[in-house]
Amino acid sequence: MLSLLSYSVYLVITLAVTVYVGQSLFRHGRAFLVDAFHENEALADSVNHLLLVGFYLINTGYVCLALQSRHPLDAAMALEILSSKLGEVLLILGGMHFFNLYLFSRFRRSALITRGAPPIIHDTVVQGRAS
Amino acid sequence: MSTPTTVAFATPKQLTVFYDGRCALCTKVHDWLSRTELLIPIELRDLRSNSTQTEYPALRDAMLSGQFIVLADDGRTYFDTKAKLMVLYATSRYRDLSYRLSAPLLYPSTDRIFSAVAAGRWMLGSPPVADCRSGVCTHG
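Peer 1: Outline the overall build of chain B, supporting the account with residue identities and numerical values.
Peer 2: Counting secondary structure elements, chain B contains seven helices and six strands. Moving toward the C terminus, one meets the helices and strands of chain B in the order α-β-α-β-α-α-β-β-α-α-α-β-β. For chain B, the proportion of its 140 residues judged to be buried stands at 46%. The long-range share in chain B, meaning contacts at least 24 apart out of those at least 6 apart in sequence, stands at 64%.

Peer 1: Lay out the side chain of B:Ser49 in plain terms, naming residues and giving numbers.
Peer 2: Residues and elements named next belong to chain B. Here serine 49 shows up in the loop between strand 2 (42-46) and helix 3 (50-55). Exposure remark for serine 49: the relative accessible area of 5% places this residue in the buried category. Of note is the side chain of serine 49, whose polar atom sits 2.9 Å from the side chain of threonine 52.

Peer 1: Kindly report on the pattern of salt bridges, identifying the contributing residues and their values.
Peer 2: Under the definition given, this model contains eight salt bridges over all chains. We note a salt bridge from B:Arg48 to B:Asp20, for which the minimum N-O separation is 2.7 Å. Taken together, the residues B:Arg48 in the loop between strand 2 and helix 3 and B:Asp20 in the loop between strand 1 (15-19) and helix 2 (24-35) connect sequence positions 28 residues apart. Take B:Arg48: its relative accessible area is 30%, and that puts it in the partly exposed class. Owing to a relative accessible area of 3%, B:Asp20 belongs among the buried residues under this scheme. With its nearest N and O atoms 3.4 Å apart, the salt bridge here joins B:Arg45 to B:Glu43. Among the residues examined, B:Arg45 registers a relative accessible area of 3% and is labelled buried. Residues joined by salt bridges that share partners form a network here, namely A:Arg30, A:Glu41 and A:Asp45.

Peer 1: Please set out a nonpolar patch on the surface residue by residue, giving values where relevant.
Peer 2: All names here are of chain A. On the surface, Leu5, Val9, Val12 and Ile13 cluster together into a nonpolar patch covering about 330 Å² of accessible area. Tracing the backbone shows valine 9 in helix 1 (residues 2-36). Exposure remark for valine 9: the relative accessible area of 31% places this residue in the partly exposed category.

Peer 1: So what about the interface of chain A and chain B? Which residues, and what values?
Peer 2: The interface is formed by 26 residues belonging to chain A together with 38 residues belonging to chain B. Regarding the contact of chain A and chain B, the summed buried area is about 2,800 Å², with carbon and sulfur atoms giving 65% of it. Between A:Asp123 and B:Lys82 there is a salt bridge, and its shortest N-O distance comes to 3.6 Å. One can count nine residue pairs in polar contact (both at pLDDT 80 or more) joining chain A with chain B. Taken together, the elements giving at least two residues each to the side of chain A that touches chain B come down to helix 1, helix 3 (75-115) and strand 1 (124-125) of chain A. The greatest single-element share of the side of chain A that touches chain B, amounting to seven residues, is contributed by helix 3 of chain A. Here the side of chain A that touches chain B is built from residues that sort into twelve nonpolar, seven polar and seven charged. Sheet topology places strand 1 of chain A next to strand 4 (residues 76-79) of chain B; two bridges connect them, and they run antiparallel. Residue pairing across strands places A:Val125 opposite B:Arg76, the latter belonging to strand 4 of chain B.

Basis of the calculations
- Residues numbered from 1 in each chain as written.
- Chains lettered and ligands numbered in written order.
- Predicted model: local features only at pLDDT ≥ 70, side-chain atom pairs only at ≥ 80, totals over all residues.
- Heavy atoms only, no water.
- Helix = DSSP H or I, 4+ residues; strand = E, 2+ residues; numbered from the N terminus.
- Buried < 20%, exposed > 50% of the residue type's maximum accessible area, 1.4 Å probe, protein only.
- Contact = heavy atoms within 4.5 Å.
- Polar contact = N/O pair within 3.5 Å; in protein donor to acceptor, adjacent residues only side chain to side chain.
- Salt bridge = Lys/Arg side-chain N within 4 Å of Asp/Glu carboxyl O.
- Patch = residues over 30% accessible without salt bridge, like charges linked within 9 Å, V, L, I, M, F, W, Y side chains within 5 Å.
- Areas by Shrake-Rupley, 256 points an atom, 1.4 Å probe, with all protein chains shown as cover.
- Buried area = accessible area lost by both parts, 1.4 Å probe.
- Nonpolar A, V, L, I, M, F, W, Y, C, P; charged D, E, K, R; others polar.
- Pairing = 2+ DSSP bridges.

In structure tokens, the structure reads:
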């Protein structure tokens, strides 16, 4: 009974955090990708979605693999196991999160370097010299 | 930005850099730029000179407020931190750095540091001896 309860709490928390981090990356990473792909929103959305799917697959896979554990003898041990498992998953999620951010920046920089494009978008466009 | 993408990301053929000829740090940058290998030619103009302000009426207000300005040959204009990143971008040695500093993760820090340096530019270096009456500054 104790094991079942621990497993349930573990699954609810880890999956909820996975979805939260994934959605956060999906929402806020879009701007990076639109910039990286030179305002090509369709391509940016497509890559963003594919990254999200990859993120969910890797994290859900890890959460499932990490589920298996020793059989807790008492409530304290159950809590200990739950806590260490949650810690592992959160660290993996954090690592994945920063890896995604690194990928976004990398996409952007390589796209700009390939085109020899300016590093930033201009503030305004003005007519040059007075004739 | 409402301008078309092709304009925003096209490689400029020339940049005109408007700098403050009365600030020591800016004239040091002027000297450094004239010695540095450039990927894009740069014309340096003192934004405090009357001839520059007359020649570029659209930028006069920005010049009067003392903003560091970069104007591309096709009219794209960059102010302050963006202008400084464009100067780095024009150099052979620091182009890669300009991409790194403008990455979304680093840009806020870049902006803060560049703005702090710009705010303290009057305290950095000794006053320049420059003749900018013709609009193009000469030092000596």
